[in-house]
Amino acid sequence: MKIKSVIFISFISLFTLCGCSNQSHKTYNVKFEGDQTINHLKYLGKNTASSDDDFTMSFAIDYNYELLIDNINVSINGIQNDDCWSFLYQTNVKNIFTINKNFINGDLSINAFATYRTSTPSEYGYIFDDEITNICDCRFSDDRQPKFIPTLDQVAYPVMEDDPIEVIITLKDGILYEGDAKRIMDNIWFRTNARYTLLGEDFFKTYSNDFRECRIRVPHYIIRDHGSFKVKS
C-alpha cells in the first residue's frame, strides 16, 4: 500500500507541474469612461476582459460625427497605454476596437469621444446593371438625375457620403422574365466596396405583392464608395 501511495502522490505532483490543474482564469474589469451622449458615441462591449483572449468591442458613432485615433485613450491599472489597442473602421456602425491580450494584466479603462465631421463629404456614383435596366425602369425615390462622376469616369446617379438612399425598380410593361409573366427577378442586390453587401444590415429590400416592384433602402452610414444595383448569381 505504501508503494501505491507514493506513486499516486508523485502523479499528482507531475500533473500540477505540467500546468494541467483546473485553475479558474483571471478576469479584469472594463470601464467605459465619459458620458456617451456628450461623447457622441456608444460603447458596445463586455464589462470584463481576460489575458487569455483579445478584448474586442465596437463603437456606435453618432451621425455626422467621426472618431479620430487621437481621441481614443486606454489605461491599464491606471497607466495610459497607447500601444495596446487597434481600431479597424468601416462605418460609424461597423467597426472593431481591439485590445491585445498580451497587455491585459489589470483593470481596463477606455475613454473615447467623437467630434463633428469637418471634412468635405465625398460624392460617389451609383449605377444599375444592364441585366436590370433591360427589363426594368430604375429611379431614385427623390428623383435625382444622373450626371458625369469624375472619380467613376462615367455617368451615374450622384450620392453624397452619409446620404441615405432609396431606389425603386419596376418591371416594364409586357416583359417576360425567366418564363414568368410580369414578375421581377428576386435576386437584385446592392454592391459596394467591391463586395455584395449584407441584406438586413447594409441594405434593406422589399417587393410589392405582385412582384412587379422592388424597393431598396441603403442607410446613410454605408455610403463610402461607388456602388451598383446588380443581379446576384
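Now for a look at the structure at hand. What you see is a predicted model; the values in this text were computed from it and never measured. (Residues numbered from 1 in each chain as written. Predicted model: local features only at pLDDT ≥ 70, side-chain atom pairs only at ≥ 80, totals over all residues. Heavy atoms only, no water.)

Our focus in this paragraph is the sheet that holds strand E2 (residues 41-44). Taken in spatial order, the 4 strands line up as E2-E4-E9-E8 in an open sheet, and their pairing is antiparallel. Two strands in the sheet have a free side with no partner beyond their single neighbour: E2 and strand E8 (85-89). Neighbour-to-neighbour, the strand axes of this sheet turn through a mean angle of 25 degrees, independent of strand direction. As paired elements, E2 and strand E4 (residues 55-61) share 4 bridges and run antiparallel to each other. Residue pairing in the sheet places Lys42 in a bridge with Ala60 of E4. (Pairing = 2+ DSSP bridges. Helix = DSSP H or I, 4+ residues; strand = E, 2+ residues; numbered from the N terminus. Axes fitted to C-alpha atoms, helices over the stretch in contact; angles between N-to-C directions.)

Here we come to the packing of aromatic side chains. For the structure shown, the criterion picks out 16 aromatic pairs. Their ring planes at 20 degrees and their centres at 5.1 Å tell us that Phe128 and Phe229 sit as a pair that is stacked. Of this pair, Phe128 sits in strand E12 (residues 123-128) while Phe229 sits in strand E23 (residues 227-231), placing them 101 residues apart in sequence. Residue classification places Phe229 among the buried residues on the basis of a relative accessible area of 0%. Taken together, the ring pairs in this structure connect Tyr126, Phe128, Phe140, Tyr157, Trp189, Phe190, Phe203 and Phe229 into an aromatic cluster. Positioned over the ring face of Tyr196 is Arg191, at 4.8 Å from the centre of the ring. Of note, Lys232 hangs over the ring of Trp189, and the distance from its end group to the ring centre comes to 4.5 Å. (Phe/Tyr/Trp six-rings, centres within 6.5 Å; stacked < 30°, edge-to-face > 60°. Buried < 20%, exposed > 50% of the residue type's maximum accessible area, 1.4 Å probe, protein only. Lys NZ or Arg CZ within 6 Å of the ring centre and 35° of its normal.)

A few words now on the environment of Asp162. Secondary-structure assignment places Asp162 in the loop between strand E15 (154-160) and strand E16 (165-171). Since its relative accessible area comes to 5%, Asp162 is described here as buried. For the pair Asp162 and Glu123, spaced 39 residues apart in the sequence, the C-alpha separation amounts to 9.7 Å. For Asp162, the side chain forms a polar contact with the side chain of Arg224, separated by 2.8 Å. (Polar contact = N/O pair within 3.5 Å; in protein donor to acceptor, adjacent residues only side chain to side chain.)

This brings us to the environment of Asn100. Topologically, Asn100 is positioned in the loop between strand E9 (95-99) and strand E10 (108-112). Relative accessible area serves as the criterion here: at 29%, Asn100 is assigned to the partly exposed category. Taking C-alpha positions, Asn100 is 9.0 Å from Asp83, a pair spaced 17 residues apart along the chain. Beyond its immediate chain neighbours, meaning those up to four positions away, Asn100 contacts Asp54 and Cys84. Within the structure, Asn100 has its side chain in polar contact with the backbone nitrogen of Asn102 (distance 2.8 Å). (Contact = heavy atoms within 4.5 Å.)

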